[in-house]
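Here's the letter readout for the chains.
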Amino acid sequence: MIKINRNSVKYLKELTSLDAISGREDEVRNFLKNAYLDRDLVVEYDELGSIVAHKKEIDETLPKVLVIAHMDEVGFVVKQIFPNGLIGVNVVGGITLSRLPSSRLILTTKNNKKYYGSISALAPHFGESNKDIKSSDLTFDFGFASEKETLKAGVNVNDMIVEEGNFKKIGKNRYLAKAFDNRYGCALGLDLLDALKDEKLNVNLYVGATVQEEVGCRGAITLSHMIKPDVCIILDCSPANDYDGNKNANGKLGAGVLIRYLDRGVIANKVLLDLQIDTMEQLKLPYQYFQSAGTTDGSKVQLAYDGVLLLSHCLCARNIHSPSSIIDGRDYEAARISLVELVKKFDKDLILKLRKETIYGRD
């Protein structure tokens, strides 16, 4: 039976503890930069702040394989400070507002000072419902008693706020934290680099992370245009839909890597999908078919230039876009093992074959 390894757990714990909403990805970017430099890799950035690393020796005759996750999580920015010290916000990314009252929070100022608080909740004693809540109904409380006290603490408009969600192991194989969407992919990128550090690949491998995925996959556009990959593999965390115990649920914890064949922005490349499935079966690793009403960075990367060969290599989590998301460590390990083998398969001939079969079909 497969089991997530200790290093992977360490990476997930470190990365989910960082706060980085769309447009405020500094904490994750700095963590990844240091991790890449520690591995003696070349680090590059696009002008939006996405980051990518590669080995120093680039063979211009070899194709480029880009493996990317996204750094950002959903959250809030300060919109206004009320006279009583409470705070109004703008929402960044997709969040279910009705679940927010009483949630615990972390606010980060521009000077990186952090304050802890919660979202004000209307007590049931008042006889009103939070069912149809709007963002303008929410007030964020960090313990300040006045606007003056809030400003004196260094809090100002546009400061970042995330929900607090500490990393914990629960049960035998499961892990609870905020931002598995998509610190899963950031961690898996580090695992990939560890596994391939002594391998002689037949491609130029680029591993990195994008900004602003949760607000329109913006970093995917700029990073893919900078790297110009021949193949791109997207690492992302998708919503599980197994809450009612249905064995046929679309996305089940513990059922393996997602064969993400259809979503709002991508009709999967069947040739690459078959390669992914073949790899999973060769390794005797679990996988499951998956479709999504959302999309990933792949929706933008696939459209770069005259098109990019694209594959998603995802797992699912319960409660994504919340501080209480849950993944199964066995899914992560299946994704890790299979990703390493997938990348090792790529060379100039395989990519040419995949490209021809994509355009002309199989003989």
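What you see is a predicted model; the values in this text were computed from it and never measured.

### Quick word on the packing of helix α2 (residues 26-38) against helix α4 (residues 180-195)
Any two packed helices are characterised by the angle at which their axes cross and by the distance between the axes. The N-to-C vectors of α2 and α4 enclose an angle of 5°; their axes lie 11 Å apart at closest approach. Between α2 and α4, the angle is such that the two are roughly parallel. Every residue of α4 that contacts α2 at V28, F31, L32, A35 and Y36 is listed here: R183, C186, L190 and L193. Grouping the amino acids of the contact of α2 with α4 by side-chain chemistry returns eight nonpolar, no polar and one charged.

### A few points about the environment of G298
In this structure, G298 sits in helix α7 (residues 298-301). Spatially, the C-alpha atoms of G298 and C232 are 8.0 Å apart, while their sequence positions differ by 66 residues. Every residue in contact with G298, bar those within four places of it in the chain, is listed here: I234, V266 and L310.

### Side note on the layout of surface pockets
Reported here for the largest pocket is a volume of approximately 460 Å³. What lines the largest pocket is a set of 20 residues, among which K55, E57, L196, E199 and L201 lie closest to the centre. Those elements giving two or more residues to the lining of the largest pocket turn out to be β2 (51-54), α4 and β12 (204-210). For the second largest pocket, the calculated volume is near 390 Å³. Along the wall of the second largest pocket there are 19 residues; nearest its centre are D306, G307, V308, L309 and R355. Of all the secondary structure elements, the ones that give two or more residues to the lining of the second largest pocket are β17 (309-312) and α9 (348-360). Among the elements that line the lining of the second largest pocket, the one with the most residues is α9, at three residues. A per-class count over the lining of the second largest pocket returns 10 nonpolar, four polar and five charged.

### A word on the side chain of D263
Relative to the assigned elements, D263 resides in the loop between β15 (257-262) and α6 (270-282). A distance of 2.9 Å separates polar atoms of two side chains, one belonging to D263 and the other to R260. What D263 contacts, discounting residues up to four positions off in sequence, is S292, G294, T295 and T296.

### Let's talk about the side chain of T16
Tracing the backbone through its elements, the reader meets T16 in helix α1 (residues 6-16). At a separation of 2.8 Å, a polar atom in the side chain of T16 contacts the main-chain carbonyl oxygen of L12. When sequence neighbours within four positions are dropped, the list of residues in contact with T16 reads F167, A177, K178, A179, F180 and R183.

Criteria and cut-off values
Residues numbered from 1 in each chain as written. Predicted model: local features only at pLDDT ≥ 70, side-chain atom pairs only at ≥ 80, totals over all residues. Heavy atoms only, no water. Axes fitted to C-alpha atoms, helices over the stretch in contact; angles between N-to-C directions. Helix = DSSP H or I, 4+ residues; strand = E, 2+ residues; numbered from the N terminus. Parallel < 35°, antiparallel > 145°, perpendicular 65-115°, else oblique. Contact = heavy atoms within 4.5 Å. Nonpolar A, V, L, I, M, F, W, Y, C, P; charged D, E, K, R; others polar. 1 Å grid on protein atoms, 1.4 Å probe; cavity = no way out; pocket = protein on both sides within 12 Å on 5 of 7 lines; lining within 4 Å. Points joined across faces, edges and corners; volume = space filled by probe spheres on them. Polar contact = N/O pair within 3.5 Å; in protein donor to acceptor, adjacent residues only side chain to side chain.

The values reported here are purely geometric and, on their own, carry no functional implication.
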